[in-house]
Amino acid sequence: MSRISMMRWQKPLVSPLLSALAVLGCVLLPLMGYDLGFLFFALFTMLVLGVPIAVSLAGACLMFVLITGQVPNIVIAHRMINGIDSFPLLAIPFFIFAGSLMNNGGITERIFNFAKALMGWMRGGLGHVNVGASIVFSGMSGAAVADAGGLGMIEVKAMKDAGYDEEFAVGITAASSTIGPIIPPSLPMVIYGVMASASVGQLFAAGLIPGLLMGVMLMLMIFIISRRRGYQRDAVFSMRVLGHTFKRAFLSLMTPVIIVGGIITGAFTPTEAAVAAVFYALILGVVVYRTLTWRKLLKVSMETIETTAVILFIVSSASIFAWILTSNQVTQNVIALMGPFADSKLAVLVMANIVLIIVGCFMETIAAITILVPVLLPMAVAVGVDPVHFGVIMVLNLMIGLLTPPVGMVLYVLSRVSNVSFERCMRGTIPFLIPLVICLLLVTFIPAISMWLPTLIYR
């Protein structure tokens, strides 16, 4: 389930009439001298026509360069190469590979069984187990789609078999999967760190407490819904069962300890942590559990190559877009348009949240980060927002976007693995957007939630 479907050619998102108007706008704007307007219009046109996001970004930028003649065409290739010429980006394929190895090596099932023994005795037990398992798995994969595709299949089936409503099961599974990119390691935070020239280690540390807060808020909502619907406990607490499942899952549970602990203590960098995660997952799957066959290893390797290629294509294409925006002083112009609001920290944070929530509904996370960081981050820094704090805000916003149509990547994945319609998945997720939005507001306006740990460790 690691494949990134946004690289497939999509159906048009709008009516043919609106598509025709968008194409007409692309023709008229350069003739009228609105070159930057043409850039945004061309990107919008290709997106509504169903062109994959990476192709839309690169295509719009190429047409802008051809029309304006500001720089030679070869600059496009140079900027694409420079956009992915970064050591921290090496962490991406390794974390993807590690997550896939764990999904295919039986590690996720052991984690789920331990979480059930630990938390299944509470009202609405499997809902709490769902969140607890996602918190543990988030310390391994760093991707919401990996959580939804791997753990999600186990969690939804278990909740269905236990008599839970399908929409409730899919909704909490979708919501809990968004914890993955907040608690370290996190692929979106690696991308943000590269784009913002921020410390990836500090970003990882900053996401730990907000991620745990998300888990607590979701469990509170589960308790409220379970009382209303009469969901009961799914297991009787037993120290014997807990000890047995803990013993079976112990080596698996050590994975996030090795990754997060190694980064926080400075034993290795985030990139080195990704390599360590792969090495450890291979040892568990091949030597200890003996669940990874050569066939599975080949399948996992091919999925990792495909997913990594897609992500890096998006990053390289978006880096051209970001470079054009920066070189044409778009950020300065946006700040000037904001006028008196540009000096207010509260106003900038509110505006940034609104923009990110809206963009997250329509654009894939990595593309949104690479496009919006050059525009929003300078404004936030200008009013005193720490880049690390802003990174957590941005990623959390875009994680909520994974649960909202029309993109809603996590919903599409869960719809596929659970055989529940997309509409029902969306309906089941709506109640769990409330605790996630509350958590977003707390993280936004109480910086200490995200900044206390990195300040304690790094400063």
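Here the structure is shown first, and the text comes after it.
Below: a short report on this structure. (Residues numbered from 1 in each chain as written. Predicted model: local features only at pLDDT ≥ 70, side-chain atom pairs only at ≥ 80, totals over all residues. Heavy atoms only, no water.)

## Regarding the nonpolar core
Stage number 1. Core analysis: the largest hydrophobic core is formed by 134 residues, its most contacted members being Tyr-192, Phe-390, Met-394 and Phe-432.
Stage number 2. Examining the composition of this core, we find that twelve residues originate from one element, helix H17 (residues 365-382), more than from any other.
Stage number 3. Inspection of this core shows a minimum of three residues originating in each of domain 1 (10-72) and domain 2 (88-311 + 329-458).
Stage number 4. For Tyr-192, the residues in contact, after removing those within four places along its chain, are Ser-197, Ala-198, Leu-203, Ile-369, Val-373, Leu-377, Pro-387, Phe-390, Gly-391 and Met-394.
Stage number 5. Counting residues in each nonpolar core, the second largest holds five residues, with Ala-117, Leu-242, Ala-249 and Leu-253 among its members. (Core = buried A, V, L, I, M, F, W, Y, C linked by side-chain atoms within 4.5 Å. Buried < 20%, exposed > 50% of the residue type's maximum accessible area, 1.4 Å probe, protein only. Helix = DSSP H or I, 4+ residues; strand = E, 2+ residues; numbered from the N terminus. Domains from an automatic or database assignment. Contact = heavy atoms within 4.5 Å.)

## Quick word on the environment of Ile-371
Stage number 1. Summarising the element assignment, Ile-371 is placed in helix H17.
Stage number 2. Counting along the chain gives 50 residues from Ile-371 to Phe-321, while the straight-line C-alpha distance between them is 6.7 Å.

## Some points on the packing of helix H3 (residues 53-68) against helix H14 (residues 294-327)
Stage number 1. Where H3 contacts H14, the axes come no closer than 8 Å and their chain directions differ by 35°. You can see that H3 and H14 cross each other, and the crossing is left-handed. Facing Ile-53, Ala-54, Val-55, Leu-57, Ala-58, Cys-61 and Phe-64 of H3, the residues of H14 in contact are Phe-313, Ile-314, Ser-317, Ala-318, Ile-320, Phe-321 and Ile-324. (Axes fitted to C-alpha atoms, helices over the stretch in contact; angles between N-to-C directions. Left-handed = near helix turned anticlockwise from the far one by under 90°.)

## Things to note about the packing of aromatic side chains
Stage number 1. For the structure on display, the rule yields four aromatic pairs.
Stage number 2. Look at Tyr-164 and Phe-168: their rings are 5.9 Å apart centre to centre, the planes differ by 15°, and that puts the pair in the stacked class. An identical accessibility class is assigned to Tyr-164 and Phe-168; each is buried.
Stage number 3. When the ring of Phe-168 is compared with that of Phe-432, the centres are 5.9 Å apart and the planes differ by 50°; the resulting orientation is tilted. With a gap of 264 residues between them, Phe-168 in helix H9 (residues 166-177) and Phe-432 in helix H20 (residues 422-445) connect regions that are remote in the sequence. With respect to burial, Phe-168 and Phe-432 carry one shared label: buried. (Phe/Tyr/Trp six-rings, centres within 6.5 Å; stacked < 30°, edge-to-face > 60°.)

## Let's talk about the packing of helix H4 (residues 74-83) against H14
Stage number 1. At a minimum axis distance of 8 Å, the contact between H4 and H14 shows a crossing angle of 120°. The pairing of H4 with H14 is recorded here as oblique in orientation. In this structure, H4 meets H14 at a crossing whose hand is right-handed. Here H4 contributes Val-75, Ile-76, Arg-79, Met-80 and Gly-83 to the contact with H14, which in turn contributes Phe-313, Val-315, Ser-316, Ser-317, Ser-319, Ile-320 and Trp-323.
Stage number 2. Per-class residue counts for the contact of H4 with H14 are seven nonpolar, four polar and one charged. (Parallel < 35°, antiparallel > 145°, perpendicular 65-115°, else oblique. Nonpolar A, V, L, I, M, F, W, Y, C, P; charged D, E, K, R; others polar.)

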